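# Structural overview for review
One letter stands for each residue in the lines below.
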Amino acid sequence: MPGITREEVVHLARLARLELKGEEVDHFATQLDDIIGAVARVSEVADQDVPPTSHPLPLTNVMRADEVRPSLSPEQALSGAPAQEQQRFKVPQILGED
């Protein structure tokens, strides 16, 4: 497989809006070539009987179940608010919308 060229690195840097110096282009070309080689080796190892996965172990939900529990009444929650309107905290308008 051909290596990454300087022109390709410069093109990628331009797309990413990065300003690279000459020695950085050479350095990144070598690094990108190594990365592509590593990905190619992983592709060679992957076999048809190995399903693609995002996690090596199955994920389970560790969140507790939602349940209604006693909480503050609207009056209690708003008791310390400097301003309130229709059982809600009233805050200054910031977006200029109605």
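Since the model is a prediction, treat every value here as computed from it, not as a measurement. (Residues numbered from 1 in each chain as written. Predicted model: local features only at pLDDT ≥ 70, side-chain atom pairs only at ≥ 80, totals over all residues. Heavy atoms only, no water.)

### Regarding the confidence of the model for the protein chain
To be explicit about the condition: Confidence per residue, as judged by the predictor, is encoded in pLDDT with a range of 0 to 100. Counting from the N terminus, the helices are the DSSP runs of H or I reaching at least four residues and the strands are the DSSP runs of E reaching at least two.
Residues at a pLDDT of 70 or more form 95% of the protein chain, whose mean pLDDT is 86. The secondary-structure element of the protein chain with the lowest mean pLDDT is helix α2 (residues 22-45), recorded at 88, while helix α1 (residues 6-15) shows the highest, at 93.

### A look at the packing of α1 against α2
The test is simple: Every axis in this analysis is a line fitted to C-alpha atoms, fitted for helices over the stretch in contact. Angles between the N-to-C directions lie between 0 and 180 degrees. We call two directions roughly parallel when the angle between them is under 35 degrees, roughly antiparallel when it is over 145, roughly perpendicular when it lies between 65 and 115, and oblique otherwise. It only takes one pair of heavy atoms within 4.5 Å for two residues to be counted as in contact. Side-chain classes follow a simple rule in which Ala, Val, Leu, Ile, Met, Phe, Trp, Tyr, Cys and Pro form the nonpolar group, Asp, Glu, Lys and Arg form the charged group, and the remainder, Gly included, forms the polar group.
Closest axis-to-axis distance for the α1/α2 pair is 9 Å, and the angle between their directions is 100 degrees. One element, α1, and the other, α2, form an angle in the roughly perpendicular class. Each of R6, V9, V10 and L12 in α1 lies in contact with α2, whose residues at this interface are G22, V25, D26, F28, A29 and L32. Residues of the contact of α1 with α2, tallied by class, amount to 7 nonpolar, 1 polar and 2 charged.

### Description of the pattern of salt bridges
Going by this rule: Salt bridge, as applied in this entry: a Lys or Arg side-chain nitrogen positioned within 4 Å of an Asp or Glu carboxyl oxygen. Accessible area is worked out with a 1.4 Å probe on protein chains only. A residue is then buried under 20% of its type maximum, exposed over 50%, and partly exposed in between.
All told, the structure shown has 2 salt bridges when counted by the stated rule. A salt bridge links D26 to R6, with the nearest nitrogen and oxygen atoms 2.4 Å apart. With D26 in helix α2 and R6 in helix α1, this pair connects stretches of sequence that are 20 residues apart. Residue classification places R6 among the partly exposed residues on the basis of a relative accessible area of 39%. Between K90 and E85 there is a salt bridge, and its shortest N-O distance comes to 3.4 Å.

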